[in-house]
Amino acid sequence: MDKTEKIWLNGKLVDWADAKVHVLAHALNYGTGVFEGIRVYNTPKGPAIFRLKDHVRRLMDGCKMLGFDLVFDGKEYGFDDLMEAIKETVRANGDAVDYVKPCIFLSGEEVGLNPIGVPISMAITCVHMGAYLGPATDAGAKIVTSSWQRPDNLCGPAGAKVNGAYITSSLAKREAISHGASEAVMLNSVGHVAECTGENIFAYRHGRIITPNVAECILEGITRCSIIEVARDMGYQVDETALTRFELISSDEVWMTGTAAEIAPVTTIDERQIGDGKIGPVAKAIHARFHDIVTGKVPEYEDWLDYLN
Ligand SMILES: Cc1ncc(COP(=O)(O)O)c(C=O)c1O
């Protein structure tokens with residue numbers, strides 16, 4: 001990750017080094033925040049944010065779930081204000097920005113769990129991220145099944161990106177790296193495949209694409225929704241269904257999807273080769289199409305892009 005110059009904090013663009021909170025901030029101690037990860041792509045019409053409206057909607061849904069009022073420094077923010085604040089921050093940070101992370105969190109100093117009445121803040125940070133999973137995954141990622149379970153809907157709102165809930169992803173990621181893998185896939189409370197630490201998962205098996213449905217306690221990923229639509233438009237059968245570990249490992253192809261990782265083919269799971277151990281033709285074709293869409297080369301999907309200029 002490369003830093004940028006300005007961070008949007010409660011309505012003002014401040015220098016990166018000045019975007020600070022107190023050590024007793026409620027969110028720092030209890031995880032009371034909601035965030036998003038959003039990609040910016042270069043297109044022939046200049047930089048564009050991919051599916052910004054969907055990210056803002058998910059962010060606001062998460063805030064609603066956590067009971068957050070979107071009032072920062074005395075000003076109330078609605079959908080359009082959040083959209084504009086994100087665009088403004090990207091514009092302020094120049095061409096190198098490829099990833100934006102808005103975060104709405106309880107910034108007030110508090111000891112004790114009660115979140116009611118604790119002051120709230122919003123920060124929008126831009127970075128240059130590049131390839132999230134790194135160059136080692138270019139020829140296909142090696143992943144492991146995590147010993148940590150994907151928290152289900154009784155442990156919190158699985159469909160929202162709640163800061164505190166990411167401890168499970170962080171533990172699973174640490175486990176993956178310590179096993180020499182780049183990602184971990186987590187199972188849910190009934191042992192079905194759920195998702196990876198920051199990505200959804202897809203398989204191509206017996207001539208159809210399968211991906212866990214939202215009832216399997218996954219984040220309803222925006223890249224996941226995009227890939228389902230794109231794959232169907234390309235003529236593939238896509239089924240959102242329960243998926244077992246056996247089905248996943250015996251698939252012809254497996255890939256992960258996420259804003260940060262984009263589309264990342266998987267060639268090894270738990271030291272077992274997937275398909276022929278190479279990136280498969282279905283993942284390759286969908287990836288190529290997705291790349292054309294996000295870089296503004298496919299007019300049918302233009303409304304997924306929010307141009308900055
Ligand atoms: C746990 C988890 N699953 C899936 C995803 C993929 O979601 P999206 O495609 O919206 O980035 C993410 C990333 O945001 C995530 O954190």
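**Side note on the site of the ligand**
Next, step 1: Around the ligand, a shell composed of 15 residues is seen, among which G221, I222, T223, G258 and T259 lie nearest.
Next, step 2: Elements that contribute at least two residues to the shell around the ligand include exactly α5 (222–233) and β16 (253–258).
Next, step 3: Considering each element in turn, the shell around the ligand owes the most residues, three residues, to α5.
Next, step 4: When grouped by side-chain class, the residues that make up the shell around the ligand number two nonpolar, nine polar and four charged.

**Section: the environment of G275**
Next, step 1: Mapped onto the fold, G275 is located in the loop between β18 (272–273) and α7 (281–294).
Next, step 2: We classify G275 as buried; it has 21 C-beta atoms within 10 Å.
Next, step 3: Those residues in contact with G275, other than ones at most four positions away along the chain, are D252, E253 and G280.

**Side note on the packing of helix α2 (residues 52–66) against helix α3 (residues 79–92)**
Next, step 1: One can describe the packing of α2 onto α3 by two numbers: an axis separation of 10 Å at closest approach and a directional angle of 120°. By the criterion of interaxial angle, the relationship of α2 to α3 is oblique. In terms of crossing hand, the pair formed by α2 and α3 is right-handed. Contact residues: α2 offers L52, V56, L59 and M60, while α3 offers F79, L82, M83 and I86.
Next, step 2: Residues that form the contact of α2 with α3 fall into these classes: eight nonpolar, no polar and no charged.

**So, the nonpolar core**
Next, step 1: The biggest cluster of nonpolar side chains holds 83 residues, and the ones touching the most others in it are V100, I143, A184 and V254.
Next, step 2: With six residues, the top contributor of residues to this core is α7.
Next, step 3: Formed jointly, this core draws a minimum of three residues from each of two domains, domain 1 (6–127) and domain 2 (135–294).
Next, step 4: The residues contacting V254, other than those within four sequence positions of it, are I201, F202, A203, L248, V266, I269 and I274.

**Remarks on α5**
Next, step 1: In a regular helix each residue adds 1.5 Å, so twelve residues correspond to 16 Å; α5 covers 17 Å between its end C-alpha atoms and thus fits that length.
Next, step 2: All buried positions along α5 are accounted for by I222, T223, R224, S226, I227, I228, V230 and A231.
Next, step 3: Phi for G235, located one or two positions after α5, is positive at around 100°.

Rules of the game
- Residues numbered from 1 in each chain as written.
- Predicted model: local features only at pLDDT ≥ 70, side-chain atom pairs only at ≥ 80, totals over all residues.
- Near = placed C-beta within 6 Å.
- Helix = DSSP H or I, 4+ residues; strand = E, 2+ residues; numbered from the N terminus.
- Nonpolar A, V, L, I, M, F, W, Y, C, P; charged D, E, K, R; others polar.
- Buried ≥ 20, exposed ≤ 12 C-beta atoms within 10 Å, placed from the backbone.
- Contact = placed C-beta atoms within 7 Å.
- Axes fitted to C-alpha atoms, helices over the stretch in contact; angles between N-to-C directions.
- Parallel < 35°, antiparallel > 145°, perpendicular 65-115°, else oblique.
- Left-handed = near helix turned anticlockwise from the far one by under 90°.
- Core = buried A, V, L, I, M, F, W, Y, C linked by C-beta atoms within 7 Å.
- Domains from an automatic or database assignment.
- Expected span 1.5 Å × (residues − 1).

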